Amino acid sequence: LGLLVNEFILFGLTQDPRKQKAIFGVFLMFYLATLLGNFLIVVTIKRSRTLGSPMYFFLFYLSFADACFSTTTAPRLIVDAISQQKTISYKECMTQVFSAHFFGCMEIFVLILMAFDRYVAICKPLRYTTILNRHVCSVLVILGWVGSCIHSSAQIVLALRLPFCGPNVIDHYFCDLQPLLKLACMDTYVINLLVVSNSGAICLVSFIILLISYVIILYSLRNYSAEGKQKALSTCTSHFIVVVLFFGPCIFMYTRPATTFPVDKVVAVFYTIGAPLLNPLIYTLRNAEVKNAMKKLWCSKL
């Protein structure tokens, strides 16, 4: 491969010492809140008898993927904000590329499964428990893990093909293919096309599938009573907020040619740190069943 660079320097969000201290404090709080929120949801769903429906089965895996996805990028950003040495080894960098894409892709697949769950619950309510029984749900989640593994393996194969023999400063706060392509000492046109056709296509196609599913769900709600409509819309609205928060930045990042913009790092914060932090808030604050289950479980423990 002609590999000469064995470590990279992560530029981070800023080089301003004052701003770096603020980044350390703010993102440490964000990360701890993300872990706590998603941990509460995971434990509550696992321990509660009232949250046994497929929707909460998928929410369990969304929260797990959120916690892992945030962990692939946030700790490095927090530590680098106060450390003099902002280096990351080549192996660590490739591991970060793989794990960020693996858990990010898993989150996409779980969001699709949650939309499918809402579609079945609203459009085929009488057959809901037979279509989405525990066995089917488990198989769908396993397929999500396998799909994520295939996607991230394809990304890492592309990353490992890049030779680095010149500058080693990554203008980002974590290792990703877009900033790495800028440092490679080869023509990256073909590899960038493959990145767009892999990551970009997954983001765009998944987003279109989700939009179509919500249009079908909204159309199906016309026959519901006012109370039924309100309950269904409440659940779908929280799902849709999560989808827009996650997919908007992803589509911006991965469906364009090999160009990087100064705003990229801020946009990346939205889907790597913002979405995993907001997901537990959106799903608990807008969901009475989860709130009641949490009160029962944690109040009895305390």
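- As recorded by an unreviewed UniProt entry, the chain carries the name Olfactory receptor and is attributed to Canis lupus familiaris.
- Under the UniProt heading Sequence similarities (unreviewed entry), the entry covering the chain gives this text: "Belongs to the G-protein coupled receptor 1 family."
- Database annotation for the chain, UniProt heading Function (unreviewed entry): "Putative odorant or sperm cell receptor."

Details of the UniProt feature "transmembrane region" (unreviewed entry) in the chain
Inference 1: The feature "transmembrane region" (unreviewed entry), as given by UniProt, occupies residues 22-43, 55-78, 98-116, 136-158, 199-221, 233-254 and 266-285 in the numbering adopted here.
Inference 2: What you have in residues 98-116 is 100% helix and 0% strand, and the ends, taken at the C-alpha atoms, are 27 Å apart.

A short note on the pattern of salt bridges
Inference 1: All told, the structure shown has four salt bridges when counted by the stated rule.
Inference 2: Here Arg 76 and Glu 92 are joined by a salt bridge, their closest N and O atoms 3.1 Å apart. One end of the pair, Arg 76, is in helix α2 (residues 54-82); the other, Glu 92, is in helix α3 (residues 90-123), with 16 residues separating them in the sequence.
Inference 3: Its salt-bridge partner being Asp 171, residue Lys 265 comes within 2.9 Å of it at the nearest N-O pair. Highlighted residues: Lys 265 in helix α9 (residues 264-285) and Asp 171 in the loop between β3 (169-170) and α6 (177-183), separated in sequence by 94 residues.

Examining the sheet that holds strand β1 (residues 7-10)
Strands in a sheet are paired, the pairing made by backbone hydrogen bonds, and the direction either parallel or antiparallel.
Inference 1: Pairing is mixed in the open sheet, where three strands are placed in the order β2-β1-β3. Bordering the open sheet on either side are β2 (87-89) and β3, each of which pairs with just one other strand.
Inference 2: Relative to β2, β1 is paired through three bridges, and the arrangement is antiparallel. Its bridge partner lying in β2, Ile 9 is registered against Thr 87.

Quick notes on the rules
- Residues numbered from 1 in each chain as written.
- Predicted model: local features only at pLDDT ≥ 70, side-chain atom pairs only at ≥ 80, totals over all residues.
- Heavy atoms only, no water.
- UniProt positions renumbered as here; feature names shortened; annotations may be inferred.
- Helix = DSSP H or I, 4+ residues; strand = E, 2+ residues; numbered from the N terminus.
- Salt bridge = Lys/Arg side-chain N within 4 Å of Asp/Glu carboxyl O.
- Pairing = 2+ DSSP bridges.

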